[in-house]
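# Secondary and tertiary structure notes
In case you want the letters, here they are:
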Amino acid sequence: VLTFFPSKEINVLDIGGGLKPCYFTLNYSLIQKIKCHVIEWENIVKGAKEIYGNIQGLTYSSNYPENKTFDVVYFGSSIQYFDDLIGIFEKIKKFQSKLIVISFSPFTEEHKTFTTGSYSVHNKLIIPTTIYNTKEFIKFFLKNNYKLKHKSLMSNNDWSIQHSLEIKTRLYNLVFENEV
């Protein structure tokens, strides 16, 4: 989607980018200049600054930026860790992004949205994980002026959820475009 972006520079807000932010993939694969601001927990921010130092175009923070706009808001395998879709949308809508991209995230089509626990960090921690119903999720964004532009299946099963709850999930990439 971003290969056809009409700008010479793309500003991305990467929410939950961790130590593998989308910056590196985008910077490598696109001709546009990439500026990426990653929102993460403070301990991840500290570690990223130690690892990456001062890479031009890549910044980390544990706070949402003030008075900024972003072309793209990106959730790379992180939207499932937000159980309050309305709350996170309220935070990101002020950035007036053209696109909201959800990547490598589990969804269900046979159940309503629910929150459960899933293993993380080498199966040592159980963290709350929200599995959104695909239709409910898309409808939410449509009600908020973001139309589904792209939907692609990455995998038929997220094994950690299926094995523990016997609920079939699918990993999707979703791209929503601002209609305003």
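Placed above this text is the structure.
Summarised in this report is the structure supplied together with it. (Residues numbered from 1 in each chain as written. Predicted model: local features only at pLDDT ≥ 70, side-chain atom pairs only at ≥ 80, totals over all residues. Heavy atoms only, no water.)

## A look at unusual backbone geometry
The condition is simple: Each helix is a run of DSSP H or I of at least 4 residues and each strand a run of E of at least 2, with the numbering of both proceeding from the N terminus.
Within the chain, Gln96 stands out as a residue other than glycine whose phi angle is a positive 55°. Here Asn145, not a glycine, exhibits a phi torsion of approximately 70°, which is positive. Following the sequence through the fold, Asn145 ends up in the loop between helix H4 (134–143) and strand S8 (146–155).

## Considerations on the side chain of Asn133
For clarity, the threshold we go by: Burial here depends on accessible area, computed with a 1.4 Å probe over protein chains only, as a share of the maximum for the residue type. Under 20% is buried, over 50% is exposed, and the range in between is partly exposed. Under the rule applied, a polar contact is a pair of N or O atoms within 3.5 Å (in protein, one hydrogen donor and one hydrogen acceptor; residues adjacent in sequence only if both atoms are side-chain atoms). Contact criterion: two residues are considered in contact whenever any of their non-hydrogen atoms come within 4.5 Å of each other.
Relative to the elements of secondary structure, Asn133 occurs in strand S7 (residues 125–133). Relative accessible area serves as the criterion here: at 9%, Asn133 is assigned to the buried category. Only 2.7 Å separates the side chain of Asn133 from the backbone oxygen of His111, close enough to count as a polar contact. Excluding anything up to four places from it in sequence, Asn133 contacts Thr108, Glu109, His111, Lys112 and Thr113.

## What about the state of the cysteines?
How we decide: Two cysteine sulfur atoms form a disulfide, by the criterion used here, when they sit within 2.5 Å.
On inspection of all chains with the given rule, the structure shows zero disulfides. Cys36 provides the cysteine sulfur closest to Cys22, a residue in no disulfide bond, and the two sulfurs are 4.0 Å apart. Accessibility expressed as a relative area gives 10% for Cys22, which makes it buried.

## Focus: the packing of aromatic side chains
Two aromatic rings are characterised by how far apart their centres lie and by the angle between their planes. The test is simple: The criterion for an aromatic pair is that two Phe, Tyr or Trp rings (for Trp, the six-membered ring) have centres within 6.5 Å, with stacked assigned to planes under 30 degrees apart, edge-to-face to planes over 60 apart and tilted to the rest.
Applying the stated rule across the entire model yields 15 aromatic pairs. Taking 5.6 Å as the distance between ring centres and 90° as the angle between the ring planes, the aromatic pair formed by Phe89 and Phe140 counts as edge-to-face. Of this pair, Phe89 sits in helix H3 (residues 85–93) while Phe140 sits in helix H4; the two residues are 51 residues apart in sequence, bridging distant segments of the chain. With respect to burial, Phe89 and Phe140 carry one shared label: buried. Taken together, a centroid distance of 5.5 Å and an interplanar angle of 90° make the contact between Phe140 and Phe141 edge-to-face.

## Observations regarding the environment of Glu110
For Glu110, the position within the fold is in the loop between strand S5 (99–108) and strand S6 (114–120). Along the primary structure Glu110 and Cys22 are separated by 88 residues, whereas in three dimensions their C-alpha atoms are 30 Å apart.

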